There are 2 protein chains.
Amino acid sequence: MEQEQQVMSNKQIILKDYVVGFPKESDMILKTSETINLKLPQGCSNGVLVKNLYLSCDPYMRMRMTRTEGSYVDSFTPGSSTSHRLKLTVVTIVEAVSDLIFATLQPITGYGVAKVLESGHANFKKGDLIWGFTGWEEYSIINAPEGLFKIEHTDVPLSYYTGILGMPGMTAYIGFYDICAPKKGEYVFVSAASGAVGQLVGQFAKLSGCYVVGSAGTKEKVDLLKNKFGFDEAFNYKEEQDLDAVLKRYFPEGIDIYFENVGGKMLDAVLLNMRLNGRISVCGMISQYNLEQGEGVRNLLTLITKRVRMQGFIVSDHYHKYPKYLEMIIPLIKQGTINYIEDIVEGLENAPAALIGLFSGNNVGKQVVVVARE
Amino acid sequence: MEQEQQVMSNKQIILKDYVVGFPKESDMILKTSETINLKLPQGCSNGVLVKNLYLSCDPYMRMRMTRTEGSYVDSFTPGSSTSHRLKLTVVTIVEAVSDLIFATLQPITGYGVAKVLESGHANFKKGDLIWGFTGWEEYSIINAPEGLFKIEHTDVPLSYYTGILGMPGMTAYIGFYDICAPKKGEYVFVSAASGAVGQLVGQFAKLSGCYVVGSAGTKEKVDLLKNKFGFDEAFNYKEEQDLDAVLKRYFPEGIDIYFENVGGKMLDAVLLNMRLNGRISVCGMISQYNLEQGEGVRNLLTLITKRVRMQGFIVSDHYHKYPKYLEMIIPLIKQGTINYIEDIVEGLENAPAALIGLFSGNNVGKQVVVVARE
């Protein structure tokens, strides 16, 4: 059977080398492959070829820029590191070596929304929209598409599948409802509260009848928290000398639930303010990712005196609950009960700046990169 | 009705003043009241008068030597602090002010075993043996004896009710079985493993079919762990430069369960070695109690990457399970399946040295003070 052989170039974002400290835009390069055949390669009979539409910038990606072993995610494969050039990532991407379709350089991978151009897998067909792990490039071959989610609801912004309807949404849902087990009237604190996850946690807390305070790093974000997301109170942590004092001001009765996105000094201050039988959902520690050695947390004795449970989690362990989450969240979006703010950057070439911008808080809301709109 | 009025003296251990840093023997004084009437005072109709037999030295008592507010235990009332002289402790002891029976100075309080001399409470009668909160003195009036446990099994050493059959036993039981939820074949690490709690946790772990390693601070204790308590391995943490390396040596597969008794550097090293879905039962942090500022713990990011649950607890929340514990532990003691080592010091006058000895690890096993044997 004769197939159309479309010859294209493929722009990719490659990590130059492992990063120490704060990542820079120049740690990544944009590379254009000379020619690729836009078809599934031989021997990839279960894979799908996709066109990437929206890419998700997420803080955990910083960990993949470091050479790590035994973490829950593999390091990215840096372009300059020849010893690692042939290593396959554990994610569902294969940068195929056959057919000269893709270069041996491996792009950064991450969550994204894509359109299926060709499918060798029974679950997917040409034209399907999916979200899940893909490459930071225009076209990707996804070798094990079982890990992808087919997008069924298209009457919401497609980019939402990098955020409220994707990994961050599920993170907020699992981390708040399952890990924190909130009760009406409880006192909830969310750090990085205007981010992709935090803005949802705050709104879920209000839906649960909790009192919720968020911290963020600019006046604009603090205003969003109070006026757009309905937090009871919010503060700019960068303007506070004494985090313990500000928490005591907003939580004179103490904190029942802390949704941890930042770590370090903030966690230490929160520990001093936890209530009896408090819960800390440890979702992320963005303040620590660029440090070679984490900041010391000194107030862990509170875990005993206040019988606190501190629970780390990884959302991908919980994806079997995604249909249940969709059932809850889709009506809330359509009714306008839940708001979601995105910070959308146009063009793959702007993805590195968008990604590193997360670590200085440049983004307002969920950081998305548009590769193509359809 | 005429009652016998026995006139005695009453030796008491008084905390001189709040302690900063490492406690010294001289922070406590032995005081002998001139005369007391050995009877329940007027207006104490629900109380009991007891003769103290065995006193328990426990690490948490260090926290009560510091002026604290909002902790789960009140500070002791220091003798030299006039502003605090009249404050009643929240524990079940009243140093009665009526009848000149007891001085206004308040002794240290803690767990102990005692004999009831006179009872105004329906649950207790003269001659009963009890364990629970009492005073560091020869005779105590316990105003709210509902918190005391009546001793039913006397065919075991009475001093065991300060240890394996008292608070430390329940701590090991709840902290290991309930908080850690052990499964057969799991890898368990116990710090301060020869102490009142640790020696039991190790033996419970073996009964549960786990592999268990303990750390302690002398060769003698390490030998006890391996030869008396049946730990699979044990090491002297004072002889190790690199705690991470030693844990990797004993746990090449990582640690499923950490029973935390020490905090600080050890916790930091353990975090680097936790396995997926690991549990940390936060029972105590003895290495931190004498520090004005806790050591910084830098590796909390592992809570996320390994989905670790870290849970603090206070045993007194769980005392309703004591009968169930006794049902399990009494036969194990009688069959010789479980061993328990005590470090017994004679005489109330030696109690201060025994208590502060905990913080340099002088005790081998559960530290008990004998006030009287019957």
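Residues numbered from 1 in each chain as written. Chains lettered and ligands numbered in written order. Predicted model: local features only at pLDDT ≥ 70, side-chain atom pairs only at ≥ 80, totals over all residues. Heavy atoms only, no water.

Looking at an unreviewed UniProt entry, one finds chain A named 2-alkenal reductase, with Artemisia annua as its source organism.

Brief notes about the relation of the copies chain B and chain A
Structural alignment of chain B on chain A gives an RMSD of 0.0 Å, achieved by rotating through 180° and translating 0.0 Å along the axis. Such values leave the two copies arranged in the relation of a two-fold axis. Relative to the rotation axis, the closest C-alpha in chain B is found at Gly296(B), a distance of 1.7 Å. (Least-squares fit on C-alpha atoms with pLDDT ≥ 70 in both.)

Topic: the confidence of the model for chain A
Scored by pLDDT, chain A comes out at a mean of 90, with 91% of its residues at no less than 70. With pLDDT under 50 throughout, residues 81–103 of chain A is counted as low confidence; its partners more than four residues away or in other chains account for 68 contacts. (pLDDT = per-residue confidence, 0-100. Contact = heavy atoms within 4.5 Å.)

What to know about the pairing of strand β3 (residues 48–56) of chain B
Residue and element names in this part refer to chain B. A large share of β3 lies buried, amounting to eight of its nine residues. Pairing between β3 and strand β4 (residues 109–119): seven bridges, direction antiparallel. Bridge pairing in β4 places Leu55 opposite Gly112. In this structure, β3 lies alongside strand β15 (residues 366–370), joined through three bridges in antiparallel fashion. Residue pairing in the sheet places Leu55 in a bridge with Val369 of β15. (Buried < 20%, exposed > 50% of the residue type's maximum accessible area, 1.4 Å probe, protein only. Helix = DSSP H or I, 4+ residues; strand = E, 2+ residues; numbered from the N terminus. Pairing = 2+ DSSP bridges.)

Observations regarding the domain arrangement of chain A
Residues and elements named next belong to chain A. Structurally, chain A comprises domain 1 (7–162 + 341–370) and domain 2 (167–316). Taken over C-alpha atoms, the centre of domain 1 sits 30 Å from the centre of domain 2. Residue-level contacts link 22 residues of domain 1 with 16 residues of domain 2. Each partner contributes to the roughly 1,600 Å² buried at the junction of domain 1 and domain 2, and carbon and sulfur atoms together form 67% of this total. (Domains from an automatic or database assignment. Buried area = accessible area lost by both parts, 1.4 Å probe.)

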